[in-house]
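The chain contents come next:
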Amino acid sequence: MSVNKEVKRVTTHTLQKMKAAGEKISMLTAYDYSFARILDGAGVEVILVGDSASNVMAGHETTLPITLDQMIYHASSVIRGIERCFVVVDMPFGSYQSNSEIALASAVRIMKETGAHAVKMEGGEEVTDSIKKIVSAGIPVMGHLGLIPQSIYKFGTYEVRAKEEKEAVKLRKDALLLQDAGCFAVVLEKIPAGLAAEVSAKLAIPTIGIGAGNGCDGQVLVMHDMLGINTEFKPRFLRQYLNIHEQATQAVQQYIRDVKSGDFPNPQEQY
Ligand code: KIV
């Protein structure tokens, strides 16, 4: 999509100013050109090309199988659909955990090959060396704490995280470490609302919550969940704004009826 010079692009600076002004940040996931156009046109500030693509686009049970090449394909499609949004791309499992050199190489590929504006990494203290290296190369990094789906087999459950004080202490410490390492924002996933509000008040950088209550500086949802494209996943934190699954099913059934009855195409729909 060509750049319209009239459009004011969202930057990390915009997000920082929004936090300072108490203006909430809206973020949604997208994985392709057409939905990115809808989200960008509707006015969302941040699009996350989440590794949830592994679930909602590829049908995998977890986010682990998606590859760096596949994330790059999704992100470059999204970038062609936006004019003003800030686009963050998830670094997939295996692309940054080994060491900071590999992490930087993966982040550089994402930035060079997609035209995206930032990357996101899951984890706290364990990934701060890599975050520092990536940030010092000029690449903005969004952190991700709480429920971190790439570690699902370590925790064994998608339950609310940091309910116990020991884990809450680690999360508070990790949030400050991510900020010190240079993250411009941090996602807080599925943690108690009180803890998320406390961390959000403590940090100078914006927090974006998912299942973390109203005290965060912004909110994110997986687009397929909030639009009701997938109907199987209905956690308590999800607000479903549409039921595309039902509407699309009805539309397809009507099309089948029209084809079978000979109603489609009619004389106006042929040459
Ligand atoms: O991959 C993703 O969609 C995410 C969000 C749930 C924050 O990381």
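Note that the coordinates shown come from a computational prediction; the quantities given were computed from them, not determined experimentally.

S.K.: Mind showing me how you'd approach the overall build of the protein chain here?
M.R.: Each helix and strand in the protein chain was counted, giving eleven helices and eight strands. Taken against the 2.2 N^0.38 rule, which gives 18 Å for 271 residues, the C-alpha radius of gyration of the protein chain at 20 Å falls within 12% of a compact globule. Principal axes of the C-alpha set define a box for the protein chain whose edges measure 65 × 40 × 40 Å. The buried share of the protein chain, reckoned over its 271 residues, is 48%. Accessible surface, the protein chain: about 13,800 Å² in total, of which carbon and sulfur atoms supply 54%.

S.K.: Please explain the domain arrangement of the protein chain as it appears in this structure.
M.R.: Many descriptions give the size of an interface as the accessible area lost when the pieces come together. Domain boundaries assigned for the protein chain yield domain 1 (12-240) and domain 2 (244-271). Between the C-alpha centres of domain 1 and domain 2 the distance comes to 39 Å.

S.K.: Explain the pairing of strand S1 (residues 25-29) here, please?
M.R.: The side chains of a regular strand alternate, first on one face of the sheet and then on the other. Summarising burial for S1: four of the five residues are buried, a large majority. As paired strands, S1 and strand S8 (residues 218-221) are joined by four bridges and run parallel to one another. Bridge assignment links Leu28 to a residue of S8, and that residue is Leu221. Both S1 and strand S2 (residues 46-49) contribute to a ladder of three bridges, which runs parallel. Residue pairing for S2: Leu28 is matched across the bridge by Ile47. Once you follow S1 into helix H2 (residues 33-42) and on to S2, the crossover reads as right-handed.

S.K.: Honestly, the site of the ligand in this entry has me stumped. Any pointers?
M.R.: Around the ligand lies a shell formed by Thr29, Leu48, Gly50, Asp51, Ser52, Asp90, Lys120, His144, Glu189, Ile210 and Val222. Measuring from an oxygen atom of the ligand, one finds a side-chain N or O atom of Ser52 at 2.5 Å. In the environment of the ligand, an oxygen atom lies 3.1 Å from a nitrogen or oxygen atom belonging to the side chain of Asp90. A total of 260 Å² of accessible area belongs to the ligand in isolation, and the protein chains cover 95% of it.

S.K.: I tried to follow helix H5 (residues 100-114) on my own but got confused; where do I start?
M.R.: Because the α-helix completes a turn every 3.6 residues, residues three or four places apart line up on one side. Over its 15 residues, H5 extends 21 Å from the first C-alpha to the last, a length consistent with the 21 Å expected when each residue adds 1.5 Å. Turning to H5, its buried residues are Ser100, Ala103, Leu104, Ser106, Ala107, Ile110, Met111 and Thr114. Buried residues along H5 cover an arc of 165° about the axis, so they all sit on one side. For H5, exposure combined with an orientation more than 90 degrees from the buried face picks out Glu101 and Lys112. Elements in contact with the buried residues of H5: helix H4 (68-79), strand S3 (86-90), strand S4 (118-120) and helix H6 (128-136). Two or three places before Glu101, at the opening of H5, Asn99 has a side-chain oxygen 3.0 Å from that residue's backbone nitrogen. Positive phi shows up at Gly115, right after H5, with a value of about 80°.

S.K.: Hey, could you run me through the side chain of Thr29 in this one?
M.R.: With respect to the helices, strands and loops of the structure, Thr29 is situated in strand S1. For Thr29, the residues in contact, after removing those within four places along its chain, are Leu39, Leu48, Ser52, Leu221, Val222 and Met223.

S.K.: In this structure, what is going on with the packing of aromatic side chains? I would like to understand it.
M.R.: For any two aromatic rings, the description comes down to two numbers: the centre-to-centre distance and the angle of the planes. Within the structure shown, the criterion is met by two aromatic pairs. An angle of 80° between the planes, with centres 5.5 Å apart, marks the rings of Phe86 and Phe184 as edge-to-face. Of this pair, Phe86 sits in strand S3 while Phe184 sits in the loop between helix H8 (165-181) and strand S6 (185-189), placing them 98 residues apart in sequence. For the pair formed by Phe86 and Phe184, the shared burial category is buried. Above the face of the Phe155 ring, Arg161 is positioned so that its terminal group lies 3.9 Å from the ring centre.

What counts and how
- Residues numbered from 1 in each chain as written.
- Predicted model: local features only at pLDDT ≥ 70, side-chain atom pairs only at ≥ 80, totals over all residues.
- Heavy atoms only, no water.
- Helix = DSSP H or I, 4+ residues; strand = E, 2+ residues; numbered from the N terminus.
- Rg over C-alpha atoms; globule rule 2.2 N^0.38 Å.
- Buried < 20%, exposed > 50% of the residue type's maximum accessible area, 1.4 Å probe, protein only.
- Areas by Shrake-Rupley, 256 points an atom, 1.4 Å probe, with all protein chains shown as cover.
- Domains from an automatic or database assignment.
- Pairing = 2+ DSSP bridges.
- Right-handed = clockwise from strand over helix to strand, strands pointing away.
- Near = heavy atom within 4 Å.
- Polar contact = N/O pair within 3.5 Å; in protein donor to acceptor, adjacent residues only side chain to side chain.
- Expected span 1.5 Å × (residues − 1).
- Arc of directions from axis to C-beta.
- Contact = heavy atoms within 4.5 Å.
- Phe/Tyr/Trp six-rings, centres within 6.5 Å; stacked < 30°, edge-to-face > 60°.
- Lys NZ or Arg CZ within 6 Å of the ring centre and 35° of its normal.

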